[in-house]
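An overview of the molecular structure
Chain by chain, the residues:
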2 protein chains.
Amino acid sequence: MIRQSLLLLLCIAGFSGCKNNAEKFSDKKPGATQEVSSQTRIIDLTHPFSDETVYWVTAREFELEEVAKGQTDNGYFYAANNFSTAEHGGTHIDAPIHFYETGQTVDEIPLDNLIGQAIKVNVTGKAKNNPDYQVSIEDFKNWEQKHQMLIPDKCIIILETGFGSYYPDKQKYLGTLNRGPDAVKELHFPGLSPEAATWLTDKRNIKAIGLDTPSIDYGQSQDFKSHVVLMSKNIPVFENVANVDKLPESDFQIIALPIKIKGGSGGPLRIIALLRQ
Amino acid sequence: MIRQSLLLLLCIAGFSGCKNNAEKFSDKKPGATQEVSSQTRIIDLTHPFSDETVYWVTAREFELEEVAKGQTDNGYFYAANNFSTAEHGGTHIDAPIHFYETGQTVDEIPLDNLIGQAIKVNVTGKAKNNPDYQVSIEDFKNWEQKHQMLIPDKCIIILETGFGSYYPDKQKYLGTLNRGPDAVKELHFPGLSPEAATWLTDKRNIKAIGLDTPSIDYGQSQDFKSHVVLMSKNIPVFENVANVDKLPESDFQIIALPIKIKGGSGGPLRIIALLRQ
């Protein structure tokens, strides 16, 4: 099956112009593409992993252990570390198996589902004074009305709730500074409503969805229904996505490449956007 | 400064055709791009992380700890894990600080240096019966002669030694099944010669270099000179790259996105290639 996002990428694969060094072979000239570059930007949508990284209140946090840093007896400098982390913390991916037994593990997600055309749905206004806000079917229909098009087939959706601006302030971003099982009920942040998750899977055809909060289900969710709905359809989720305020509402591309853990339920994700200046 | 790889990506960012669902807004039609997709392929150049992942003989290996897997009392399935690893194992990136004190940390590497036009230099024939083979200046000059062009400015180089076919057989791939400091002297696998590393940095202008062995310096190296030469110029290195035998010698793109560890000397890398069918 030919997946749509691949067509987006042929321009890259097909690119053959290159600026050669001006020695011999000078008959091979670069294509007339240099000007074009000034019109594209890469935006890193990834929070760094550090002591400040935000995790679910019950999850193991990121730890970096220095193994070496300094001059060696053999005359060269050498630095190396070990690290440990929960799969689900910081900017990360939920593989479908995270909430669906027969869903894809993180290494099984087709790369094509992680790369392609994207849109952003901005609900910042509604979530500003309501940390329990759930993105609704109406929010998606409003996007379609405003842009005079349906949500593109096989696109990736990024939700902007405005909560990304609080990261990594846990009190504001999670709703609590406490940790442990008792802190779960103190979580307050926006998410995607289960009704809208169902509508997206039934009425539209998306590859993946991400947002600028810790979870696709809002903080007060008990049943994580949006996770279940999406993951039963093998739709992966990107959580704690950074810099979504820098994205336009349409006409950009997402490349989201997670760590390839065999059998993993998710893991750290490096996610970037490509857009016109 | 406008970096060359960005121009490669405008095709993506500028893509606006999309196949809308056939409800209303049908006046917005997709671009004539569907046929194009059949000509592009994504190749995953990443080995999965598991118990089999190959690490340096002195490095901490990958460990996955199951936190949850099964039905919850609330009626939904849930799976999650923790993991720990050395930064440098499996398919990973060496950030310049790994061997150069003032080099970039992994979170500081410009994304533009990790994305762009690539070439492959194949030395499989020379390394087949010589596990201590070091890729030479002549090998790069041979590529240029064969392709009648200089190594493109700001490209990414992938070296194919053939050792990727041994992965994850440690005896064949590393040269030893032993672990610990005493096993270092038993390492035998090909790498890049320091002379060629110097030539690449002095005479050509590359963004990054990767290969299908555990290290850019060959197994018997004592001073890791190729690392030092490259990293003193902020050129990152991709090691244990998978599936390089599936790459052509030119005319493809690399997207290499590492885990974003603040201050990290490297880390797990998800690296893919885009190429024409």
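Right above here is the structure, for reference.
Now for a quick tour of the structure. (Residues numbered from 1 in each chain as written. Chains lettered and ligands numbered in written order. Predicted model: local features only at pLDDT ≥ 70, side-chain atom pairs only at ≥ 80, totals over all residues. Heavy atoms only, no water.)

All names here are of chain B. The contact between helix α4 (residues 137-147) and helix α6 (residues 194-203) brings their axes to 8 Å, and the two run at 50 degrees. Between α4 and α6, the crossing angle belongs to the class labelled oblique. Each of Ile137, Phe140, Lys141 and Glu144 in α4 lies in contact with α6, whose residues at this interface are Glu195, Ala196, Trp199 and Leu200. By residue class, the composition of the contact of α4 with α6 is five nonpolar, no polar and three charged. (Axes fitted to C-alpha atoms, helices over the stretch in contact; angles between N-to-C directions. Helix = DSSP H or I, 4+ residues; strand = E, 2+ residues; numbered from the N terminus. Parallel < 35°, antiparallel > 145°, perpendicular 65-115°, else oblique. Contact = heavy atoms within 4.5 Å. Nonpolar A, V, L, I, M, F, W, Y, C, P; charged D, E, K, R; others polar.)

So, on to the sheet that holds strand β3 (residues 77-86) of chain B. The strand order across the open sheet formed by four strands is β2(A)-β3(A)-β3(B)-β2(B), and the pairing between neighbours is antiparallel. The open sheet has two edge strands, β2 (63-71) of chain A together with β2 (63-71) of chain B, and neither has a second partner. Averaged over all neighbouring strand pairs, the angle between strand axes comes to 5 degrees, with direction disregarded. Bridge analysis of β2 of chain B against β3 of chain B gives eight bridges, and the strand direction is antiparallel. Counterpart to Leu64 of chain B in the pairing with β3 of chain B is Phe83 of chain B. (Pairing = 2+ DSSP bridges.)

Next up on the list: α6 of chain B. For α6 of chain B, the set of buried residues is Pro194, Ala196, Ala197, Trp199, Leu200 and Thr201 of chain B. At its buried positions, α6 of chain B is contacted by β6 (134-135), α4, β7 (155-160), β8 (191-192), β9 (206-211) and α7 (225-231) of chain B. (Buried < 20%, exposed > 50% of the residue type's maximum accessible area, 1.4 Å probe, protein only.)

The next thing to look at is the environment of Val241 of chain A. Residue and element names in this part refer to chain A. Checked against the element boundaries, Val241 lands in the loop between β10 (237-239) and β11 (252-258). Sequence spacing of Val241 and Leu257 is 16 residues, and the spatial spacing of their C-alpha atoms is 13 Å. Not counting the four nearest positions on each side in its chain, Val241 is found in contact with Leu45, His47, Thr91, Leu211 and Asp212.

The final tally for this structure, using the stated rule, is 23 aromatic pairs over all chains. Judged by centre distance (5.5 Å) and plane angle (45 degrees), the rings of Phe49 of chain B and Phe62 of chain B are tilted. One end of the pair, Phe49 of chain B, is in the loop between β1 (40-44) and β2; the other, Phe62 of chain B, is in the loop between β1 and β2, with 13 residues separating them in the sequence. Classification of Phe62 of chain B as buried rests on a relative accessible area of 5%. Members of the aromatic cluster, joined through ring pairs, are Phe49, Phe62 and Phe83 of chain A together with Phe49, Phe62 and Phe83 of chain B. (Phe/Tyr/Trp six-rings, centres within 6.5 Å; stacked < 30°, edge-to-face > 60°.)

Another point: unusual backbone geometry. At the junction of Tyr167 of chain A and Pro168 of chain A, the peptide bond is cis and its omega measures out at 5 degrees in the coordinates. Even without being a glycine, Lys154 of chain B presents a positive backbone phi close to 60 degrees. Along the chain, Lys154 of chain B falls in the loop between α4 and β7. Residue Lys154 of chain B is classed as buried on the basis of its relative accessible area of 18%. For Phe224 of chain B, which is not a glycine, the phi torsion comes out positive at approximately 50 degrees. Relative to the helices and strands, Phe224 of chain B resides in the loop between β9 and α7.

In this section: the side chain of Asp44 of chain A. Tracing the backbone shows Asp44 of chain A in strand β1 (residues 40-44). What makes Asp44 of chain A buried here is its relative accessible area of 13%. A distance of 2.7 Å separates polar atoms of two side chains, one belonging to Asp44 of chain A and the other to Thr46 of chain A. Setting aside anything within four residues of it in sequence, one finds Asp44 of chain A in contact with Ala242, Asn243, Arg270, Ile271 and Ile272 of chain A together with Leu111 and Lys260 of chain B. (Polar contact = N/O pair within 3.5 Å; in protein donor to acceptor, adjacent residues only side chain to side chain.)

All names here are of chain A. Within the fold, Lys120 resides in strand β5 (residues 115-122). Among the polar contacts made by the side chain of Lys120, one reaches the main-chain carbonyl oxygen of Leu247 at a distance of 2.7 Å. Discounting chain neighbours no more than four positions away, the residues touching Lys120 are Trp143, Ile158, Glu160, Val244, Asp245, Leu247, Pro248, Glu249 and Phe252.

Residue and element names in this part refer to chain A. For β5, the tally of buried residues reaches seven of eight residues, placing the bulk of the element in the interior. One ladder, built from four bridges, connects β5 with β11; its direction is antiparallel. Paired with Ala118 across the two strands is Phe252, which belongs to β11. The pairing of β5 with strand β7 (residues 155-160) spans five bridges and is parallel. Looking at β7, one finds that Lys120 is bridged to Ile158.

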